[in-house]
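# Descriptive structure summary
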Amino acid sequence: VQLQASGGGLVQAGASLTLHCAASGGTFSGYTMAWFRQVPGKEREFVAAKRWSGGNTYYADSVKGRFTIIRDNAKNTVYLQMNSLKPEDTGVYSCAACRTCILSSLGNHQQYPIWGQGTLVTVSS
């Protein structure tokens, strides 16, 4: 499975943006899908994840109530709806997938063997 992320851009604070992550070369059936973000000089940061089994969702505290992760299994696509964007949301957003993620470590990027290229989100104040 290969992942392709898109949808980033430059927006003003308070705006909304939706990122897309499309899977190709197979289906992401059975995979936990996640979004991470990174800014230069900082560790990759967990944003959100959605498990295949049960479809439970998990969010970083910093984005709860503002971001929503959605997966469309028929389209092999996962989305990240981002509302009320803040300048601190700026970063390169990447999607990732894993089949054997441990629930307690969903926020650990090292669990994810499959990554898409990042898409840059810039939020101006």
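Up top is the structure these notes are about.
Residues numbered from 1 in each chain as written. Predicted model: local features only at pLDDT ≥ 70, side-chain atom pairs only at ≥ 80, totals over all residues. Heavy atoms only, no water.

## With respect to unusual backbone geometry
Short version of the rule: Helix and strand assignments follow DSSP, with helices taken as H or I runs no shorter than four residues and strands as E runs no shorter than two, numbered in order from the N terminus.
At asparagine 76, a position not held by glycine, the phi torsion is positive, near 50°. Secondary-structure assignment places asparagine 76 in the loop between strand 7 (67–72) and strand 8 (77–82). In this model, serine 84 sits at a positive phi of 50°, which is unusual for a non-glycine residue. Summarising the element assignment, serine 84 is placed in the loop between strand 8 and strand 9 (91–98).

## Structural notes on the nonpolar core
We apply this condition: Put simply, buried Ala, Val, Leu, Ile, Met, Phe, Trp, Tyr and Cys residues joined by side-chain atoms within 4.5 Å make one nonpolar core. Throughout this description, buried means an accessible area under 20% of the type-specific maximum (1.4 Å probe, protein chains only), exposed means over 50%, and partly exposed covers the range between. Here, residues are in contact when the closest pair of their heavy atoms is within 4.5 Å.
Counting residues in each nonpolar core, the largest one holds 36 residues, and the members touching the most others are Trp35, Leu80, Met82, Tyr93 and Tyr112. Among the elements of the structure, strand 1 (2–6), strand 3 (17–24), strand 4 (32–38), strand 5 (45–50), strand 7, strand 8, strand 9 and strand 11 (119–124) are those that each provide at least two residues to this core. In terms of residues, this core owes the most to one element, strand 9, which gives five residues. When sequence neighbours within four positions are dropped, the list of residues in contact with tyrosine 112 reads Thr32, Ala34, Phe36, Ala49, Ala96, Ala97, Cys98, Cys101 and Leu106.

## With respect to the pairing of strand 3
Formally: By this definition, two strands are paired if DSSP reports at least two bridges between them.
Side-chain alternation along strand 3 places Leu17, Leu19, Cys21 and Ala23 on a buried face and Thr18, His20, Ala22 and Ser24 on a face that remains uncovered. Two strands pair when backbone bridges link them, and strand 1 and strand 3 are joined in this way by five bridges, in the antiparallel orientation. The partner of serine 6 across the bridge, within strand 3, is histidine 20.

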